[in-house]
Amino acid sequence: MIKMLKNLAKHSIIYGSGTLLSKLLGFILLPIYTRFLTPADYGILSLLVITGSIFAIIAKGGLGSALFREVIYQESDESTVVSTAFYFLLGESLLFFGVLIIFSLNISNLIFGTAEYAYLLKLIFLTRLLEVFKVIVLAKLRIREQSKLYATLSVLNFSIGALLNIYFIVNLRKGVEGLLIAGLITAGIFAVVSLMLIRRDLKPSFSISILNRMLHFGVPLIPAGLSSLLMTSADRYFLQHFSTTTEVGLYSIGYKIGLIMNLIVQSVQLAWPAHMFAIAKEPDAEQKFSKMLTYYLVVFGFIGLVLSVWAREVLTIMTTPKFYAAYTVVPLIL
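Everything numeric here is computed off the predicted structure, so don't read it as measured data. (Residues numbered from 1 in each chain as written. Predicted model: local features only at pLDDT ≥ 70, side-chain atom pairs only at ≥ 80, totals over all residues. Heavy atoms only, no water.)

**Student:** What am I meant to see in helix H7 (residues 104-112) here?
**Tutor:** In an α-helix, one full turn covers 3.6 residues, which means residues spaced three or four apart are oriented alike. Those residues of H7 not exposed but buried are Ser104, Ile107, Ser108, Ile111 and Phe112. Within H7, the buried residues cover an arc of 100° as seen down the axis, which keeps them to one side. Those residues of H7 that are buried lie in contact with helix H4 (39-60), helix H6 (78-102), helix H8 (118-131) and helix H13 (221-242). Immediately downstream of H7, the backbone of Gly113 shows phi near 75°, a positive value. (Buried < 20%, exposed > 50% of the residue type's maximum accessible area, 1.4 Å probe, protein only. Helix = DSSP H or I, 4+ residues; strand = E, 2+ residues; numbered from the N terminus. Arc of directions from axis to C-beta. Contact = heavy atoms within 4.5 Å.)

And the structure:
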């Protein structure tokens, strides 16, 4: 048990170092965002990103987790699983996001009450299309517990994204459009790197039986993923409908501070599946799961308390006066 905990902690820290940098991009660049974007701009950006994330969950079909189960639990040939998942995602995602791009005007009217943001929606849809394929390579690295390579890729992704964001928002003064273009370029670079990493696993092989098992396991995760995202993000749509994009922007800044907790949690979640399926086969699996949950809740409960107490100071340091009021929502989000 102790050995398992140490191994989980080690991979969690390594996964977290890369993942936190990647996910914290928006937080680390807050001092720049809040000086070159208005609260309304930040509200628009938040709604666009959430909309893209909703459709990305549907497009991925839960295949990241399903790939784990198929290789570790079902002990299927890894190359066949990777090839099957890749070819399916390629065809399905091109069709899915292609339809979304065609109807971007309608989606813009639905969310913002105007077609003005259709172009920005197309940018976010193209970005999410390119990001779909990294599901496979990241799952592959986690299956093999190549956490250092995983972290390296995350740091590389963060560095490129940060530089491009600064260039487009500070040098070119492109605002929200510039941030989305920077994200699209970053996603394109990472998509190329992902293809290079899995190219040896790709072969002219497609297993219907493996795909059926993966979809049978993964598709039910879509409602769970959507429910989780909407539970934490649908408030932005309500604010947009009943208030203004300025209020959405202020709330999103406060939410960004609270999101730190989720990013820390995700570092554990990335390392956990490789251990979870292995433990599930052991006779004392229930006892081990319950102990892990106890330790988990104690540690993260304390972290949440610390972040709540220091939220106002963090916003004072990271943002400008027009965003300070956002601190009031941080404890609730945490």
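**Student:** Where do I start with the nonpolar core in this structure?
**Tutor:** Generally speaking, nonpolar side chains in soluble globular proteins are found buried as a group. Leu48, Leu67, Phe97, Phe125, Ile136 and Leu180 are the most contacted members of the largest nonpolar core, which totals 71 residues. Filtering out sequence-adjacent residues up to four positions away, Phe125 remains in contact with Thr51, Phe55, Phe97, Leu100, Ile101 and Ile107. The next biggest cluster of nonpolar side chains, apart from the first, holds 5 residues, and it includes Ile50, Ile54, Ile222 and Leu229. (Core = buried A, V, L, I, M, F, W, Y, C linked by side-chain atoms within 4.5 Å.)

**Student:** Could you clarify how one ought to interpret the pattern of salt bridges in this entry?
**Tutor:** Oppositely charged side chains may form a pair once their charged atoms are brought near each other. The tally for this structure, following the rule as stated, stands at 4 salt bridges. Across the pair Glu282 and Lys288 runs a salt bridge, and its minimum N-O distance is 2.5 Å. We classify Lys288 as buried; its relative accessible area is 15%. A salt bridge links Asp284 to Lys288; its shortest N-O distance comes to 4.0 Å. On the basis of relative accessible area, Asp284 is assigned to the partly exposed category, the value being 31%. Connected via shared salt-bridge partners are Glu282, Asp284 and Lys288. (Salt bridge = Lys/Arg side-chain N within 4 Å of Asp/Glu carboxyl O.)

**Student:** Just to check I follow, could you spell out the packing of aromatic side chains for this structure?
**Tutor:** The relation between two aromatic rings is expressed through the spacing of the ring centres and the mutual angle of the planes. Throughout the structure, instances matching the rule amount to 10 aromatic pairs. Each ring, one from Phe86 and one from Phe133, has its centre 5.8 Å from the other, and the planes form 50°; the classification is tilted. Taken as a pair, Phe86 in helix H6 and Phe133 in the loop between H8 and helix H9 (134-143) lie far apart in primary sequence, 47 residues in all. What makes Phe86 buried here is its relative accessible area of 9%. Between Phe96 and Phe97, the aromatic rings sit 5.4 Å apart at their centres with planes inclined by 80°, giving edge-to-face as the arrangement. Given the relative accessible area of 22%, Phe96 is considered partly exposed. Take Phe97: its relative accessible area is 0%, and that puts it in the buried class. An aromatic cluster is present here, built from Phe55, Phe96, Phe97 and Phe125 joined pairwise through their rings. (Phe/Tyr/Trp six-rings, centres within 6.5 Å; stacked < 30°, edge-to-face > 60°.)

**Student:** Is there a simple way to explain the side chain of Thr319 in this structure?
**Tutor:** Turning to its location among the elements, Thr319 is positioned in the loop between helix H16 (311-318) and helix H17 (330-333). Judged by its relative accessible area of 2%, Thr319 falls in the buried class. A distance of 2.7 Å separates a polar atom in the side chain of Thr319 from the backbone oxygen of Leu315. (Polar contact = N/O pair within 3.5 Å; in protein donor to acceptor, adjacent residues only side chain to side chain.)

**Student:** Explain empty space enclosed by the protein here, please?
**Tutor:** Rolled over the atoms, a probe with the dimensions of a water molecule shows which regions are left empty. Taken as a whole, this structure holds 1 cavity of 30 Å³ or more when the rule is applied. One number sums up the size of the largest cavity: a volume of about 40 Å³. Taken together, Leu156, Asn157, Ile160, Thr186, Ile189, Phe190 and Val193 make up the lining of the largest cavity. Per element, the largest residue contribution to the lining of the largest cavity is 4 residues, and it comes from helix H11 (residues 175-198). When grouped by side-chain class, the residues that make up the lining of the largest cavity number 5 nonpolar, 2 polar and no charged. (1 Å grid on protein atoms, 1.4 Å probe; cavity = no way out; pocket = protein on both sides within 12 Å on 5 of 7 lines; lining within 4 Å. Points joined across faces, edges and corners; volume = space filled by probe spheres on them. Nonpolar A, V, L, I, M, F, W, Y, C, P; charged D, E, K, R; others polar.)

Limitation: the analysis is restricted to geometry and does not speak to function.
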